[in-house]
Structures are given as C-alpha cells and as structure tokens.
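Next come the chains, spelled out residue by residue.
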Amino acid sequence: MPSFLVGLFERPLVPVLLLGLAAAALAWAAVSRDDRRFLTAAIAVGGVAALLASLAWFVSTPGERAEALVDRFVEAAERADFEGPDGMFTLLADDASLHFGKETNPGLAIDRLESALATLGRRHRIRENTVLSRSGETVDGDRGRVSLFCRTITESSMGGPVLTRWVFLAAPDPADGEMRIRQVVFETIGNRPADASVLR
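Residues numbered from 1 in each chain as written. Predicted model: local features only at pLDDT ≥ 70, side-chain atom pairs only at ≥ 80, totals over all residues. Heavy atoms only, no water.

Taking 1.5 Å of rise per residue, the 17 residues of helix H4 (residues 62–78) would be expected to cover 24 Å, and the 24 Å separating its terminal C-alpha atoms lies within 8% of that figure. Listing the buried residues of H4 in full gives Pro62, Gly63, Ala66, Glu67, Leu69, Val70, Phe73, Val74, Ala76 and Ala77. One or two residues past the end of H4 sits Ala80, with phi positive at roughly 55°. (Helix = DSSP H or I, 4+ residues; strand = E, 2+ residues; numbered from the N terminus. Expected span 1.5 Å × (residues − 1). Buried < 20%, exposed > 50% of the residue type's maximum accessible area, 1.4 Å probe, protein only.)

Moving on: the nonpolar core. With 35 residues, the main nonpolar core has Phe73, Met88, Leu92, Leu117, Phe168, Val184 and Phe186 as its most contacted residues. Of all the secondary-structure elements, those providing two or more residues to this core are H4, strand S1 (92–100), helix H5 (110–118), strand S3 (143–154), strand S4 (162–172) and strand S5 (179–189). (Core = buried A, V, L, I, M, F, W, Y, C linked by side-chain atoms within 4.5 Å.)

Residues Val14, Leu18 and Leu21 make up a contiguous nonpolar surface patch of roughly 320 Å² in combined accessible area. Inspection of the secondary structure puts Leu21 in helix H2 (residues 13–33). Taking the relative accessible area as the measure of exposure, Leu21 reaches 58% and is therefore exposed. (Patch = residues over 30% accessible without salt bridge, like charges linked within 9 Å, V, L, I, M, F, W, Y side chains within 5 Å. Areas by Shrake-Rupley, 256 points an atom, 1.4 Å probe, with all protein chains shown as cover. Salt bridge = Lys/Arg side-chain N within 4 Å of Asp/Glu carboxyl O.)

What follows deals with the packing of aromatic side chains. Tallied over the full model, the rule gives five aromatic pairs. Taking 6.4 Å as the distance between ring centres and 20° as the angle between the ring planes, the aromatic pair formed by Trp166 and Phe168 counts as stacked. Neither Trp166 nor Phe168 differs from the other in exposure class; each is buried. Taken together, the aromatic side chains of Phe73, Phe100, Trp166, Phe168 and Phe186 make up a single cluster linked through ring pairs. A cation sits over an aromatic face here: Arg165 above Phe149, 3.8 Å from the ring centre. (Phe/Tyr/Trp six-rings, centres within 6.5 Å; stacked < 30°, edge-to-face > 60°. Lys NZ or Arg CZ within 6 Å of the ring centre and 35° of its normal.)

The following block contains the structure:
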C-alpha cells in the first residue's frame with residue numbers, strides 16, 4: 001500500500017473535514033448563485049469525503065494492527081497473564097528484545113525480556129493502570145510503531161502512581177502472518193530514563 005494512502009487511512013479526520021467543508025462551500029455557492037455546476041461539484045467532493053471515511057473505517061493498516069496488538073499486551077500485563085492464548089509471552093516474536101531509554105540502545109534478548117515481564121506477576125504486580133495516551137503509525141511498509149504513556153500503581157509503588165512511557169515495534173510473523181511485538185522499549189519512568197534496575 002502506498003505510504004500516502006497509509007497516512008490517509010490512519011489519520012483521515014483532517015482530510016475528511018476539509019473535504020466536507022469544501023463540499024459545504026460548493027453547495028452554498030450552488031444555492032446562492034443558482035448554478036448547478038457548483039452542486040455537482042459539491043456532490044462529487046462530498047462523495048470523495050464519504051469514500052475516504054468508509055475506507056479508513058474498513059482498511060486496517062500495520063500501524064492500526066500494532067495498536068490493537070499493544071492493547072492486548074497491556075490488558076495481559078494488567079491481569080498478569082503470561083502464557084495464555086492472549087498472554088504477554090504469546091504476543092512476542094521469537095526474537096523480541098527489550099530496550100531501555102531509546103530504541104537505538106542495545107537490547108536484551110527474549111529470555112531477559114520475559115524475565116523482566118514476569119516481575120509483573122510478583123513484585124511489580126499491577127493494581128491499577130490508565131493509558132493516558134497511545135498513538136500508532138506504520139513504518140517500513142508492513143511494521144507498526146506504537147507509543148504509550150501510562151499511569152500505573154503497582155505492588156512496589158506503595159500506592160503511589162508511576163508515569164511511564166513505552167514504545168512497541170511490531171511486525172508480521174513470517175510463519176503465520178500474525179502481528180507480533182519485536183521490540184519493547186521502556187523509555188522513561190517518572191522524569192528520568194528507564195534502566196534495567198527498574199524491572200528487577
């Protein structure tokens with residue numbers, strides 16, 4: 001799918017609104033000037049806006065599939081589900097890695113990632129979690145990148161909320177085509193960069 005179409009389908013609101021305003025302006029011109037040519041143009045532009053909105057609703061981009069995958073991952077984390085059909089480990093690619101601070105920082109292999117996630121069933125068990133913001137985008141054609149900002153209370157936070165920022169990179173699994181998480185990036189905790197000591 002061409003990148004400009006991906007952008008339209010992932011963020012259709014602005015172009016649909018602009019097309020809708022253009023259609024309304026043309027319709028007003030048709031009435032005020034009693035000119036059917038403006039009415040025809042208004043109908044055409046309105047049709048394009050409706051078509052774009054419909055396609056954006058029905059077409060699922062890699063970025064949107066990645067968002068849905070991360071939603072499932074977060075829900076699994078909240079219930080400390082690791083190996084169930086929708087468990088955290090199940091949603092990871094075989095070569096998934098964990099990075100701290102930045103995507104470009106060296107990553108830890110999947111065994112270390114799973115070990116870090118397992119602390120969510122013990123010391124860092126989630127009591128309450130609120131996703132404050134989530135945004136996804138398509139990258140490199142068939143991959144998705146999702147940024148997540150959370151407010152979380154865990155067993156280890158002593159009842160106080162902790163703000164964290166994460167980035168997830170997802171791609172289709174070559175074996176079955178299902179979207180799976182390839183990279184988990186723990187960016188920040190509070191106002192400081194995250195490091196490996198946080199998930200011990």
